[in-house]
Amino acid sequence: MEIRNVAVIAHVDHGKTTLVDQMLKQSGTLKELVEERVLDSNELERERGITILSKNTAILYKNYKINIIDTPGHADFGGEVERVLKMVDGVLLLVDAQEGVMPQTKFVVKKALEAGLKPIVVLNKVDKPAAEPDRVIDEVFDLFVSFEATDEQLDFPVIYTSAKLGFARYDLEDKNGDLTPLFETIVKHTPPPSGSKEEPLQMQIFTLDYDNYVGRIGIARIFNGEAKRGDEVVLVEQKTGNVQKGRITKLFTFKGLERLEVDRAPAGDIVAVAGFEDVEIGDTIASPENPVPLPPLHIEEPTISVFI
Ligand code: GDP
């Protein structure tokens, strides 16, 4: 199975949740989860009616697994947008075809272009009678120019969607009724992850999670090598540079909104990993023979105003 890692960036209410929900429904992901009995019928109903976008969603399309990492839709606390953008190879920029470019669109576009990503522009809500897709594309283009986008970034693909009605189209005259053009554009336009299974393990934590049974969990991208359950590894702390020995006690990959326990995961994949009680964002888990940290992730300390 090939992997693609993308982030969806959008101004709040432009349809990110609805679109990812439709992608899940139209891909084979939920059907597979039921066949594997990971989901019972109640859970399937729940997955079908997602109301909040999970932090990580993996969608199966043909022989691809598309990992979708959520980014904050409003204010960015602590540099989360920058961190997520370092974990992906592509980005879907979702813009309401009526409302056009909004403040949050500007913020996330700037960050995505700075990260060197080549966005796929998804003009959503084209079903709305007042939609003006041509005007909005011009706005997006001007925005890219204002942030000094490269020629490659300016040559962005455009897909017209109605997340609500569940269609994606290559152009406005098209009458296609499903999301195939969107899936195809994602797998073709997003570069495959770099890194090889043969190299020593290097994975970086970009989000933290907690589980009652296994404790603190790091959500990480594997940049090199292969992660295996039971492996003796080291944790290289970003903040202190300290190197501590440990073991991967549990490893999970994503499928739909589910976290599935696995024995191993290859370079390029997004995983959840347990075994380090004091793991922090930015830390690298590496093989003991090559305890080299990945480039540090940007972490802003929250600004707290105290009024006396
Ligand atoms: P998010 O904040 O970006 O996750 O946006 P949501 O997915 O929650 O959508 C915000 C609102 O826009 C909801 O009321 C959706 O039903 C509506 N919406 C989303 N996609 C479309 C679309 O393609 N067409 C129309 N007409 N409404 C949509």
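Residues numbered from 1 in each chain as written. Predicted model: local features only at pLDDT ≥ 70, side-chain atom pairs only at ≥ 80, totals over all residues. Heavy atoms only, no water.

(A) Here's a closer look at the nonpolar core. Leu 85, Leu 93, Val 121, Leu 123, Val 140 and Phe 144 are the most contacted members of the largest nonpolar core, which totals 44 residues. For this core, the leading source of residues is helix H6 (residues 133-146), giving five residues. Contact partners of Leu 93, with chain neighbours within four places excluded, come to Ile 9, Thr 105, Val 109, Pro 119, Ile 120, Val 121, Val 122, Val 140 and Phe 144. By size, the runner-up hydrophobic cluster in this structure holds 28 residues, among which are Leu 30, Leu 39, Ile 66 and Ala 168. (Core = buried A, V, L, I, M, F, W, Y, C linked by side-chain atoms within 4.5 Å. Buried < 20%, exposed > 50% of the residue type's maximum accessible area, 1.4 Å probe, protein only. Helix = DSSP H or I, 4+ residues; strand = E, 2+ residues; numbered from the N terminus. Contact = heavy atoms within 4.5 Å.)

(B) Structural detail: the sheet that holds strand E2 (residues 56-61). With mixed pairing, seven strands are arranged side by side in an open sheet as E2-E3-E1-E4-E5-E6-E7. Two strands bound the open sheet, and with one partner strand each, they are E2 and strand E7 (167-169). Neighbour to neighbour, the strand axes of the sheet diverge by 30° on average, direction disregarded. Two strands pair when backbone bridges link them, and strand E1 (residues 2-10) and strand E3 (residues 64-70) are joined in this way by seven bridges, in the parallel orientation. The residue bridging Glu 2 from the neighbouring strand is Tyr 64, located in E3. On top of the sheet, helix H5 (residues 103-114) reaches E1 and strand E4 (90-96); it is set at about 145° to E1, its chief contact. (Pairing = 2+ DSSP bridges. Axes fitted to C-alpha atoms, helices over the stretch in contact; angles between N-to-C directions.)

Nothing here speaks to function; it is all geometry.
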